[in-house]
Amino acid sequence: KRTREQEEEAPRRDHVASETQLLERKLQELAYLSGCAGGLAGVVLPSTKTRGLRSSEEDPAARERGSQASTKLMRVVDQWMRTRDMQHALLRGAHINDQAFSTIVQAISDCPSLQTVDLSQNMLTMDSCSDICQLITTAPQLSFLSLADNLFSLRSIGFFMTAIMERQSTKKLMPLDLLDLSGNEGFVAAASTPAPDALLRQVNLALSKSQTRLPPTGPELVAQTMRALWRFLHDTGHPQVRSARPEEMSFHIIDKGTL
């Protein structure tokens, strides 16, 4: 019996080793590219935030930013390669796009001690939403996650909300203290877009009753976020909103525990 178990275990062990080696090669390639003048972090990559800027070869400041981004990325990769664990993945402004993050998340989401992930000021879009949700629902010690100043749409809040609720229902995972989504493309656009008058009045009334003060355009952002969440609940078939119409928000019909 023991021999049979060993024979069955060997292929599984080989598969895990093979997958780990493949991830190592991907991370090494990512770190190498980040250190090249024409690689991931050595140039100003095209995006809505960098359109019209000169290439790093023409701009010394861009080369300096590329060098700093490269250092951040290689530091994270090196620590994972040595210890298979880390407490802080500080990748702010590391020029990380969706493709690069799809590799990075495979490593950091399995780090048992990971507490802080700073991915602010990168180029992540909705294509990274599922990877972010994977990180939220698997990293056991994660308490701070910054996605500020990326390219997520307002719709992303529904997916992140669902991931956080799943995390809260799993006892072996520590609560997530802060998820920073400020400055994302969709949120900035929503704050500057007029909200329906009736909804805006509801928001301002609720803020007045709770004596809560928000910055200018804050109520508009709250109203637009409510609309996005309501549409998300309908689009994903939430059972508590099936009796309501998508265009008429009726949060009062949702169980308070769910809210």
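Keep in mind it's a predicted model, so treat the numbers as computed, not measured. (Residues numbered from 1 in each chain as written. Predicted model: local features only at pLDDT ≥ 70, side-chain atom pairs only at ≥ 80, totals over all residues. Heavy atoms only, no water.)

> Is there a simple way to think about the side chain of S146 in this case?
Mapped onto the secondary structure, S146 falls in strand β3 (residues 144-146). Taking the relative accessible area as the measure of exposure, S146 reaches 3% and is therefore buried. Apart from the residues lying within four places of it in its own chain, the contact partners of S146 are V117, D118, L119, S120 and D180. (Helix = DSSP H or I, 4+ residues; strand = E, 2+ residues; numbered from the N terminus. Buried < 20%, exposed > 50% of the residue type's maximum accessible area, 1.4 Å probe, protein only. Contact = heavy atoms within 4.5 Å.)

> Is there a simple way to explain the sheet that holds strand β2 (residues 116-118) in this structure?
Strand pairing in a sheet is mediated by backbone hydrogen bonds. Such pairs are either parallel or antiparallel. Strand order across the open sheet formed by four strands is β1-β2-β3-β4, with parallel pairing between neighbours. Each edge of the open sheet is held by one strand with a lone partner, namely β1 (88-90) and β4 (178-180). Ignoring strand direction, the axes of neighbouring strands in this sheet form an average angle of 5 degrees. Examined bridge by bridge, β2 and β3 share three bridges and lie parallel to one another. Directly across from D118, in β3, lies its bridge partner S146. (Pairing = 2+ DSSP bridges. Axes fitted to C-alpha atoms, helices over the stretch in contact; angles between N-to-C directions.)

> What's the story with helix α4 (residues 129-138) in this structure? I'm lost.
Side chains three or four residues apart in an α-helix point the same way, a direct result of the helix having 3.6 residues per turn. Burial analysis of α4 places seven of its ten residues in the buried class, which makes it a mostly covered element. Of the positions making up α4, those classed as buried are C129, D131, I132, C133, L135, I136 and T137.

Just geometry here; none of it tells us what the structure is for.
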